[in-house]
Amino acid sequence: MLEELPKSYLGELPRSIIEEVEEVAKERRLSEEKKERLIEEVKKSYLKGKFEPGETVGIIAAQSISEPATQMTMRTYHFAGSAGIKVTYGLPRLIEIFDAKREPETPVMTIFLKKRFNSRKRAKKIAEEIVEKKIFDVIRRISMNLSEGSIEIEPLNPKRIGTIIKAIKEKMRDITVRVKAKKVIIIPKGKVSIGELRKIRERIIETRVSGISGIASVVIRMEGEEWIINTIGSNLEEVLKIEEVDETRTITNNIHEMARVFGIEAARNLIINEALKTLQEQGLDVDIRHVMLVGDIMTVSGSIKPIGRYGVAGAKTSILARAAFEETIKHLVRASVRNEVDNFQGIFENVMVGQVIPSGTGMFDLVAKFEE
Amino acid sequence: MKKINIERHELVPKHIILSEKERQELLEKYGITLKQLPKILVSDPIIQILNGKVGDVVKIIRKSPTAGEITHYRVVIKG
């Protein structure tokens with residue numbers, strides 16, 4: 001078999017192996033002839049290491065990930081006085097990634113700053129700017145004056161009264177705002193009941209004064225030589241607009257957000273990185289190839305599909321395979337109503353009826369070419 | 001206003017739209033039809049930048065921790 005392969009090894013061996021071969025050849029000062037032989041040998045062992053056609057890589061990946069994941073279960077639900085930000089990790093996070101949840105339980109951003117803006121002072125300033133502040137955070141007291149049907153706000157810092165008024169005016173339409181003795185008085189237009197007044201008060205409290213919507217808290221920390229901002233809450237689009245933020249490295253842990261802003265390939269990379277990171281945090285060593293396969297299958301369709309009945313498993317073409325997985329009756333009924341046909345090309349359906357499965361050696365059929 | 005070039009992000013690999021000739025060569029090399037390729041949506045931010053159309057094939061040069069560099073292909077679909 002090997003002889004039939006084209007002589008040009010380049011393009012057949014992966015880049016990293018070629019580079020390694022070149023390096024060794026240089027180090028040992030190999031002659032062209034010896035190098036050629038080395039390449040032949042490397043090529044042989046590379047081909048041996050490759051998966052053969054028909055190998056069930058999916059099942060191997062599934063086992064390789066889920067076996068360590070079972071080890072993870074018991075430890076993860078405990079939080080023993082962890083300092084700093086509490087982030088979902090361990091099994092719940094892994095499930096979150098593979099289920100492609102719209103919104104992670106704890107959305108987190110890692111914000112990098114451009115080199116020339118990298119200082120503690122700058123990082124702190126940006127951190128303060130982006131954290132979302134609501135009226136609630138900047139006032140001392142809010143009270144309802146029932147006899148006059150108005151709401152009084154006493155700000156923490158009287159100098160910031162202007163920004164508070166501006167924020168309220170932007171959010172609410174049918175009100176008049178006045179300032180009296182360092183207090184903001186809000187009077188709704190027309191007659192309102194006490195219940196409505198209370199609702200208006202709730203809305204005022206929730207009004208954003210400054211920062212970026214969704215960023216709940218911020219921590220700055222030093223990593224290597226660099227100041228990095230970690231946030232709880234995520235809003236990639238808005239954060240990237242900040243001048244000092246390095247848009248080539250800043251990331252969120254929300255896969256869908258990443259896909260929306262940076263595209264499906266970036267989302268695939270994020271799935272792989274996040275899943276691997278989650279496993280490694282638990283001290284589990286899973287080969288990256290398995291995780292890469294999962295990343296690939298979740299993004300083949302161009303959008304992110306969860307592993308499970310609404311995603312990858314639900315998209316199987318075979319009715320029997322889908323029925324065997326979950327929601328058996330639903331699938332069988334739907335298939336009969338729609339007059340669907342099962343072509344018996346997958347593994348499940350063939351196991352069910354006791355035929356040779358199309359995998360491994362069973363994957364190949366003989367084709368005969370007759371001369372006309 | 002800051003201009004953001006999303007193609008420069010470290011998680012975004014290089015995307016190149018194949019010419020008609022390259023596309024035919026690719027399909028012939030692997031003996032496949034367009035339908036069998038992995039997909040990418042026209043609305044994908046990167047495809048938007050490259051001005052891709054439905055039916056185009058994009059060559060994606062991924063950085064791989066195991067192989068160093070690997071080329072991958074996706075066909076642009078509507079959505």
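Look up a bit, the structure's there.
Bear in mind the structure is a predicted one, so any value in this text is a computation, not a measurement. (Residues numbered from 1 in each chain as written. Chains lettered and ligands numbered in written order. Predicted model: local features only at pLDDT ≥ 70, side-chain atom pairs only at ≥ 80, totals over all residues. Heavy atoms only, no water.)

A.B. asks: Just checking my understanding: could you explain the overall build of chain B for this structure?
C.D. replies: Across its full length, chain B carries two helices and four strands. Along chain B, from the amino end to the carboxyl end, the secondary structure elements read β-α-β-α-β-β. In terms of principal-axis extent, the alpha carbons of chain B reach across some 45 × 30 × 20 Å. For chain B, with 79 residues in total, the buried portion stands at 43%. Long-range pairs, those at least 24 residues apart, make up 56% of the contacts in chain B with a sequence separation of at least 6. Summed over all atoms, the accessible surface of chain B reaches about 4,800 Å², with 53% contributed by carbon and sulfur. (Helix = DSSP H or I, 4+ residues; strand = E, 2+ residues; numbered from the N terminus. Buried < 20%, exposed > 50% of the residue type's maximum accessible area, 1.4 Å probe, protein only. Contact = heavy atoms within 4.5 Å. Areas by Shrake-Rupley, 256 points an atom, 1.4 Å probe, with all protein chains shown as cover.)

A.B. asks: In this structure, what is going on with the overall build of chain A? I would like to understand it.
C.D. replies: Along the backbone of chain A there are 15 helices and 10 strands. The C-alpha atoms of chain A give 30 Å as radius of gyration, which overshoots the globular expectation for 372 residues (21 Å, by more than 25%). If one aligns the C-alpha atoms of chain A with their principal axes, the spans along those axes are about 100 × 70 × 50 Å. Across the 372 residues in chain A, those meeting the buried criterion constitute 40%. In chain A, the proportion of contacts linking residues at least 24 apart, taken out of those at least 6 apart, comes to 57%. If you average the places of the 61 positive and of the 56 negative side-chain charges in chain A, the two averages end up 12 Å apart. (Rg over C-alpha atoms; globule rule 2.2 N^0.38 Å. Lys, Arg positive; Asp, Glu negative; His and termini not counted. Charge placed at Lys NZ, Arg CZ, Asp CG, Glu CD.)

A.B. asks: Would you mind going over the interface of chain A and chain B with me for this structure?
C.D. replies: By a widely used convention, the size of an interface equals the accessible area lost when the partners come together. Taken together, the contact pairs 36 residues of chain A with 31 residues of chain B. For the chain A and chain B pair, buried surface summed over both sides reaches about 2,600 Å², with 58% attributable to carbon and sulfur atoms. Counting the contacts that link chain A with chain B gives five salt bridges. Here E247 of chain A and R8 of chain B are joined by a salt bridge, their closest N and O atoms 4.0 Å apart. Taken together, the connections running from chain A to chain B amount to 14 residue pairs in polar contact (both at pLDDT 80 or more). Taken together, the residues that form the side of chain A that touches chain B break down as 15 nonpolar, 10 polar and 11 charged. (Buried area = accessible area lost by both parts, 1.4 Å probe. Salt bridge = Lys/Arg side-chain N within 4 Å of Asp/Glu carboxyl O. Polar contact = N/O pair within 3.5 Å; in protein donor to acceptor, adjacent residues only side chain to side chain. Nonpolar A, V, L, I, M, F, W, Y, C, P; charged D, E, K, R; others polar.)

A.B. asks: Looking at this structure, how should I read the sheet that holds strand β9 (residues 226-232) of chain A?
C.D. replies: Neighbouring strands of a sheet are bound in pairs by backbone hydrogen bonds; such pairs are parallel or else antiparallel. All names here are of chain A. Across the sheet, which stays open at both edges, the four strands sit in the order β8-β9-β1-β10 with antiparallel pairing between neighbours. Sheet topology places β8 (217-223) and β10 (251-252) at the edges, where each strand pairs with a single neighbour. Bridge count for strand β1 (residues 108-112) against β10 is two bridges, and the pairing is antiparallel. Paired with T110 across the two strands is I251, which belongs to β10. Helix α5 (residues 120-130) rests against β1, β8 and β9 of the sheet, and its axis sits at about 15° to β9. (Pairing = 2+ DSSP bridges. Axes fitted to C-alpha atoms, helices over the stretch in contact; angles between N-to-C directions.)

A.B. asks: Got a minute to help me understand the pattern of salt bridges in this structure?
C.D. replies: Where charged atoms from two side chains of opposite charge approach closely, those side chains can pair. In total, this model carries 33 salt bridges over all chains according to the counting rule given. E154 of chain A is paired through a salt bridge with R141 of chain A; the nearest N and O atoms lie 2.9 Å apart. Of this pair, E154 of chain A sits in strand β4 (residues 150-155) while R141 of chain A sits in strand β3 (residues 139-145), placing them 13 residues apart in sequence. On the basis of relative accessibility, which here comes to 47%, the residue R141 of chain A falls in the partly exposed class. Residues K330 of chain A and E327 of chain A are paired through a salt bridge, measuring 3.3 Å at the closest nitrogen-oxygen approach. Residue classification places K330 of chain A among the partly exposed residues on the basis of a relative accessible area of 35%. Residue class for E327 of chain A comes out partly exposed when judged on its relative accessible area of 27%. A single salt-bridge network, built from bridges that share partners, covers E265, R268 and D296 of chain A together with R62 and R74 of chain B.

A.B. asks: Hey, could you run me through the nonpolar core in this one?
C.D. replies: Inside soluble globular proteins, nonpolar side chains tend to come together where they are buried. Residues and elements named next belong to chain A. Within the largest apolar cluster, 57 residues are counted, with the highest numbers of intra-cluster contacts made by L94, F98, F262, V291 and I304. A total of nine residues in this core trace back to one element, the largest contributor, which is helix α11 (residues 264-281). What V291 contacts, discounting residues up to four positions off in sequence, is I65, I272, A275, L276, L279 and V286. Within the second largest apolar cluster, 20 residues are counted, among which are I153, I200, I204 and I205. (Core = buried A, V, L, I, M, F, W, Y, C linked by side-chain atoms within 4.5 Å.)

A.B. asks: What exactly am I supposed to notice about a nonpolar patch on the surface here?
C.D. replies: Residues and elements named next belong to chain A. Side chains of F51, V57 and L293 sit close together on the surface and give an oily, nonpolar patch of about 230 Å² of accessible area. Tracing the sequence through the fold places V57 in helix α3 (residues 57-76). A residue is classified by how much of its surface remains accessible, and V57, at 30% relative accessible area, is partly exposed. (Patch = residues over 30% accessible without salt bridge, like charges linked within 9 Å, V, L, I, M, F, W, Y side chains within 5 Å.)

A.B. asks: Before we go on, may I ask you to explain the side chain of H331 of chain A in this structure?
C.D. replies: Note on placement: H331 of chain A falls in helix α14 (residues 328-337). A distance of 3.4 Å separates the side chain of H331 of chain A from the side chain of R322 of chain A, its partner in a polar contact.

A.B. asks: Please clarify how the pairing of β8 of chain A should be interpreted in this entry.
C.D. replies: A regular strand carries its side chains on alternate faces of the sheet. All names here are of chain A. Note that β8 and β9 share seven bridges and pair antiparallel. By the bridge assignment, M222 is partnered in β9 with W227. Linkage of β8 to β9, two consecutive antiparallel strands, is achieved through a turn of two residues, within which G224 is found at a positive phi near 65°.

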